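Spelled out, the chains give:
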Amino acid sequence: MKTQVAIIGAGPAGMLLCEILSQHGIDCVVLEKHSRAHVLERIRAGVLEQSTVELLRQYGLGQRMDQEGHVHDGMKIVWAGRESFFIDVKKHLGKQFMAYGQTNIQEDLFLAAEQRGAKVLTQVENLQLMNLTSTHPHVTFTHNGDASRLDCDFIAGCDGFHGVSRQSIPPHLREEFEKEYPFGWLGILSQTPPLRDITYANHPRGFALASMRSPTLSRYYIQVPTGTLCEEWSDDRFWSEIKSRFPKEMADEMVTGKSIEKSIAPLRSYVCETMRHGQLFLAGDAAHIVPPTGAKGLNLAVSDVFYLSRALTAFYRQGMTQLLDEYSETALRRVWSSVRISWYLTNLLHRFPGGSDFDQRAQEHELDYLKSSHHAQAALAEQYAGLAFESSSAPIT
Ligand SMILES: Cc1cc2nc3c(=O)[nH]c(=O)nc-3n(C[C@H](O)[C@H](O)[C@H](O)COP(=O)(O)OP(=O)(O)OC[C@H]3O[C@@H](n4cnc5c(N)ncnc54)[C@H](O)[C@@H]3O)c2cc1C
């Protein structure tokens, strides 16, 4: 087989890149390790920045999102029995967010690919990336038991944190930045109306978050120690614990119900520099991971795809290599901005095992300051909203 761009992974990054490139007349093939059903079953992110929403609309992927998603203006913070305050992103920046599940985005992307007749091969095995530093790289893999080879001009590594793409960059050419947090998030999805606002809670019993995926679908999380098992948490125990971490009036407003998904995610920050090696370009979780505090992971996958698709389009239309050469540096500027804000919010809102009284006082003071300072709230709103995509450094015709 031969194509212009081989895309590894059919997560949001890979499928969105496939859709955008296809709309620009660039031939691509997506190679995915799992079945389509497996990819569609994964319950993950769901809070979209305005730039993500606008990009999805621009490429005709916004119709269902606009019907079923829930627009909101910012986030509320509550802590330990104190009065809550609201980080009003709309007031400070005129931007809004959309709650719309990653599962729905995946469905929309698969449907678009189907309608376009895009080439998406699922359940590929033993995938290897070859000749990355030549102008003719290729990918070898097994599909339906047959050994196959895909020749291409470029490879987009969109295969998530555990994929093969990043590992194909020689270790001495990769600089890795990593931070592991000593706790995880136990999350449930429930078919119940959410609280009015996405609300982050800092409580002596640990962090908690009330989030949403649509007006009838709620996502709740609580901080749990590393090593906690899902089986230890019945729905009743979860609801009782999360309610204890919110002020009474908010706990009373929570509509409880049977969970339709329950999982534990460890918290980690990770960045790989560089995001390019020869003809291989990394995008999304293949290159970086953020803790879910601040909901940046999916949005970063989308911004990488924006920069990469623009650079590939400029190459095929104009023979321009400048944007490809700048891709890693440009994408990493936005990555680090989101990595930093996720790290800041994680430190601000969680209780760290072994934290000292000094740490606790400093955290409380920071929350007091945020609550009382218009400037501090505006600064946080700007970072929480996500940076605008950078305009191109060269004219694209
Ligand atoms: C449990 C969990 C909860 C999360 N919650 C949130 C949240 O609340 N908010 C938020 O913003 N973000 C959240 N995230 C992060 C967000 O889901 C990711 O940032 C997003 O999925 C990144 O998209 P991606 O396409 O880069 O990677 P992925 O979604 O990981 O997709 C990668 C794809 O590549 C495939 N693949 C892997 N290896 C290979 C291979 N060798 N060959 C071919 N294909 C391969 C995988 O099967 C997968 O389909 C969460 C992540 C997890 C794991």
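Structure: above.
Let me begin by describing the structure that accompanies this report. Since the structure is predicted, the reported quantities are computational estimates derived from the model, not experimental observations.

## Examining the overall build of the chain
Check the secondary structure of the chain and you find 12 helices and 20 strands. Against the compact-globule benchmark of 21 Å for 397 residues, the chain has a radius of gyration of 21 Å, which places it among compact chains. Dimensions along the principal axes, computed over C-alpha positions, put the chain at roughly 60 × 45 × 45 Å. Counting only residues that meet the buried cut, the chain has 44% of its 397 residues in that class. Partitioning the contacts of the chain with sequence separation of at least 6, the portion at a separation of at least 24 is 74%.

## A short note on the environment of V30
Counting through the fold element by element, V30 comes out in strand β2 (residues 28-31). Taking the C-beta count within 10 Å as the criterion, V30 has 24 such neighbours and is therefore assigned buried. Those residues in contact with V30 that sit more than four places away from it in its chain are I7, A10, G14, M15, C18, K119, V120 and L121.

## Quick look at the sheet that holds strand β18 (residues 276-277)
The six strands lie next to each other as β8-β2-β1-β12-β19-β18, forming an open sheet whose pairing is mixed. The open sheet has two edge strands, β8 (119-121) and β18, and neither has a second partner. Inspection of the sheet shows strand β1 (residues 5-8) paired to strand β12 (residues 154-157) by four bridges, in the parallel sense. Each bridged residue has a counterpart across the sheet, and for I8 the counterpart in β12 is G157. Across the face of the sheet, helix α1 (residues 12-23) comes into contact with β1, β2 and β12 while running at roughly 170° to β2.

Calculation notes
Residues numbered from 1 in each chain as written. Predicted model: local features only at pLDDT ≥ 70, side-chain atom pairs only at ≥ 80, totals over all residues. Helix = DSSP H or I, 4+ residues; strand = E, 2+ residues; numbered from the N terminus. Rg over C-alpha atoms; globule rule 2.2 N^0.38 Å. Buried ≥ 20, exposed ≤ 12 C-beta atoms within 10 Å, placed from the backbone. Contact = placed C-beta atoms within 7 Å. Pairing = 2+ DSSP bridges. Axes fitted to C-alpha atoms, helices over the stretch in contact; angles between N-to-C directions.

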